[in-house]
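Okay, here's what each chain looks like letter by letter:
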Amino acid sequence: MSDQYGGVSDFQKQAELASEWLTNVSQAAVQAGVTLTLSQALPSMLLAAAQLPAVTQVRVSERYSTIDSHQQWDIGLASLLPAALRIAPFKDTFWSQSKEPGYPHPGSEERNPILQALVATLSTGLVAVGDSADAIKSSLLAWCCRSDGVVLRPSTPAVAIDDHIVKSALDASSGSAATRHVWKSLSTISVAGNQTGVYHQGIIVAVNTSGGYKVTPEMIFPRLFKNQKNLRLWSVDSDNSSIFWQDFSQGHPLSFPKECWEVRGATLPCLFHVSTALTVHGGLTDVHLCGEVNKFVPLSPQRVLLVNVTTGVTLTLAGEPGETLTFDYYVNDQRRQNDVTIAPNGLATLALNLTWVTTTTTTTTTTKNQLLFTPQRHSHPALPV
């Protein structure tokens, strides 16, 4: 888009011409029944596009390349403006595996396919795989999607946290390095029944952060999580067998591990989630929803349509008919799981088991709806490879 603007001299001489051109393009797209993705749009174009219904997303990254060494995935700051305008940021394409069989350019390698897929999913834009059809790594893409290919997105695009912006402005030499790649996103699910409103699950991504950098709930979501009680911070181990689980509060911040860094030339992202509490049984039972822990976005509006709270908690889920998934949640800090199969109409109803098992010992049972293990802390909560 910047090339069009810079290459047409009349756009720079007539104040309304570029806006008129973009409006005509949008009207043509509406008539054809298609949507538009703007690539490398100027801020003024983004502001104009906010009024154009055909524009649904904008590319905020550099052009994808497996040869250049620049951090093309780094879109946390560039996503701020389109996110504020309710336009989805788009990360551009990526390879889902490190090397592409038959690719004609020697030395081409994607060092960070996990990071690329994660950022694409959290952007809320297209997850655009650039592999040849027979080289797509489906096991990686399964982390972003339902079995029918619907992307499990968060409700808001991942953007840089405020602390990075403030420290970059005040003292770039000392403050921004630790926070440069700490991003936040959010999933919101409608709540009905005795409690109405929305259920929130926060998402925190850390890449190339300094070990020991700490964040509190208010640093991630200043208004939403201010004075919020009973927040839980969690992340899965690489084999999904256990969950890093802790109280998340001013007194119990998240301290990023050193592992969110480059190892053997590959950048390893750390992905954390923040679950709010549903209170039932007259305040005696706290329920924290996790969701599908083998997904980048475990609790997505594309999967969980409604949370109904009465004397219990019932979820309405969506997916491909016949699709089976495992849903994780905690009851008074005890982990539970339910297996669910999507019905022929594309929906399923899941009633959570809220029976509270009092125990302080670890159990090795694998029966669903029973306590699986005592919550414990793990030193390296990271994404699976």
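Quick notes on the rules
- Residues numbered from 1 in each chain as written.
- Predicted model: local features only at pLDDT ≥ 70, side-chain atom pairs only at ≥ 80, totals over all residues.
- Heavy atoms only, no water.
- Helix = DSSP H or I, 4+ residues; strand = E, 2+ residues; numbered from the N terminus.
- Buried < 20%, exposed > 50% of the residue type's maximum accessible area, 1.4 Å probe, protein only.
- Contact = heavy atoms within 4.5 Å.
- Areas by Shrake-Rupley, 256 points an atom, 1.4 Å probe, with all protein chains shown as cover.
- Core = buried A, V, L, I, M, F, W, Y, C linked by side-chain atoms within 4.5 Å.
- Pairing = 2+ DSSP bridges.
- Axes fitted to C-alpha atoms, helices over the stretch in contact; angles between N-to-C directions.
- 1 Å grid on protein atoms, 1.4 Å probe; cavity = no way out; pocket = protein on both sides within 12 Å on 5 of 7 lines; lining within 4 Å.
- Points joined across faces, edges and corners; volume = space filled by probe spheres on them.
- Polar contact = N/O pair within 3.5 Å; in protein donor to acceptor, adjacent residues only side chain to side chain.
- Salt bridge = Lys/Arg side-chain N within 4 Å of Asp/Glu carboxyl O.
- pLDDT = per-residue confidence, 0-100.
- Expected span 1.5 Å × (residues − 1).
- Arc of directions from axis to C-beta.

### Description of the overall build of the protein chain
Counting its secondary structure elements, the protein chain contains 9 helices and 20 strands. Out of the 385 residues in the protein chain, the part that is buried amounts to 49%. The long-range fraction of contacts in the protein chain, counting pairs at least 24 apart against all pairs at least 6 apart in sequence, stands at 65%. As displayed, the protein chain has an accessible area near 17700 Å², and 52% of this comes from carbon and sulfur atoms.

### What to know about the nonpolar core
Counting residues in each nonpolar core, the largest one holds 43 residues, and the members touching the most others are L38, V58, F94, L122, W183, V205 and F296. Elements represented by at least two residues in this core include exactly α3 (17–32), β1 (36–39), α4 (43–49), β2 (55–59), α6 (113–122), α7 (138–141), β4 (156–160) and β6 (197–206). A per-element tally of this core places α6 first, with 7 residues. When sequence neighbours within four positions are dropped, the list of residues in contact with V58 reads T37, L38, A41, L46, P82, I87, A88, P89 and F90. Residues I189, V313, L325 and A348 belong to the second largest nonpolar core, which totals 24 residues.

### Examining unusual backbone geometry
With phi around 55 degrees, H281 is a residue other than glycine that occupies positive phi space. When you line up the elements, H281 lands in the loop between β14 (277–280) and β15 (285–291). For N332, which is not a glycine, the phi torsion comes out positive at approximately 50 degrees. Here N332 shows up in the loop between β18 (324–331) and β19 (334–341). Look at N332 and you get buried, because its relative accessible area is 17%.

### With respect to the sheet that holds β2
Strand order in the open sheet formed by 3 strands is β1-β2-β3, with parallel pairing between adjacent strands. Pairing within the sheet leaves two strands with one partner each, and these edge strands are β1 and β3 (88–90). Going from strand to strand, the sheet's axes swing by 30 degrees on average, the running direction of each strand aside. Taken together, the 3 bridges between β2 and β3 define a ladder with parallel strand orientation. Among the inter-strand pairings, R59 is bridged to a residue of β3, identified as F90.

### Focus on the sheet that holds β14
One open sheet holds the 4 strands; their spatial order is β14-β15-β18-β19, and the pairing between them is antiparallel. For this open sheet the edge positions go to β14 and β19, each flanked by a neighbour on one side alone. Pairs of neighbouring strands in the sheet enclose a mean axial angle of 30 degrees, with direction left out of account. Pairing analysis gives 8 bridges linking β18 to β19, with the strands arranged antiparallel. Residue pairing in the sheet places D328 in a bridge with Q337 of β19.

### Focus on the pairing of β19
The buried count for β19 comes to 6 of 8 residues, which makes it a mostly enclosed element. Hairpin remark: β18 followed by β19, antiparallel, with 2 residues in the connecting loop; positive phi at N332, about 50 degrees.

### Focus: the layout of surface pockets
Of the voids in this model, the largest pocket is the one considered here, and its volume is about 660 Å³. Forming the boundary of the largest pocket are 21 residues, of which A83, R86, T156, P157 and V159 lie nearest the centre. Looking at the lining of the largest pocket, the elements that each hand over two or more residues are α5 (80–84), β4 and β5 (182–193).

### Focus on the environment of W234
Mapped onto the elements of the fold, W234 is located in strand β8 (residues 232–236). Here the side chain of W234 touches S275 through a polar contact of 2.9 Å, side chain to side chain.

### Regarding the pattern of salt bridges
Per the stated rule, a full pass over the model turns up 7 salt bridges. Salt-bridge contacts for D148 lead to R146; the nearest nitrogen and oxygen are separated by 2.7 Å. Judged by its relative accessible area of 34%, D148 falls in the partly exposed class. Owing to a relative accessible area of 13%, R146 belongs among the buried residues under this scheme. Among the salt bridges present, the one from E292 reaches R303, with a minimum N-O distance of 2.8 Å. With E292 in the loop between β15 and β16 (304–309) and R303 in the loop between β15 and β16, this residue pair connects regions lying 11 residues apart in the sequence.

### Examining the confidence of the model for the protein chain
Here the protein chain averages 84 in pLDDT, while 85% of its residues score no lower than 70. pLDDT under 50 marks residues 359–385. Its contacts with residues more than four places away, or in other chains, come to 69 contacts.

### Quick look at α3
Across its 16 residues, α3 extends 23 Å between first and last C-alpha, which sits within 8% of the 22 Å expected from 1.5 Å per residue. Every buried residue of α3 is listed here: A18, L22, S26 and A29. On an axial view of α3, the arc spanned by its buried residues comes to 70 degrees, and they lie on one face. On its buried side, α3 packs onto α1 (2–7), α2 (9–13), β1 and α4. Remark: G33 follows α3 within two positions and exhibits a positive phi of approximately 75 degrees.

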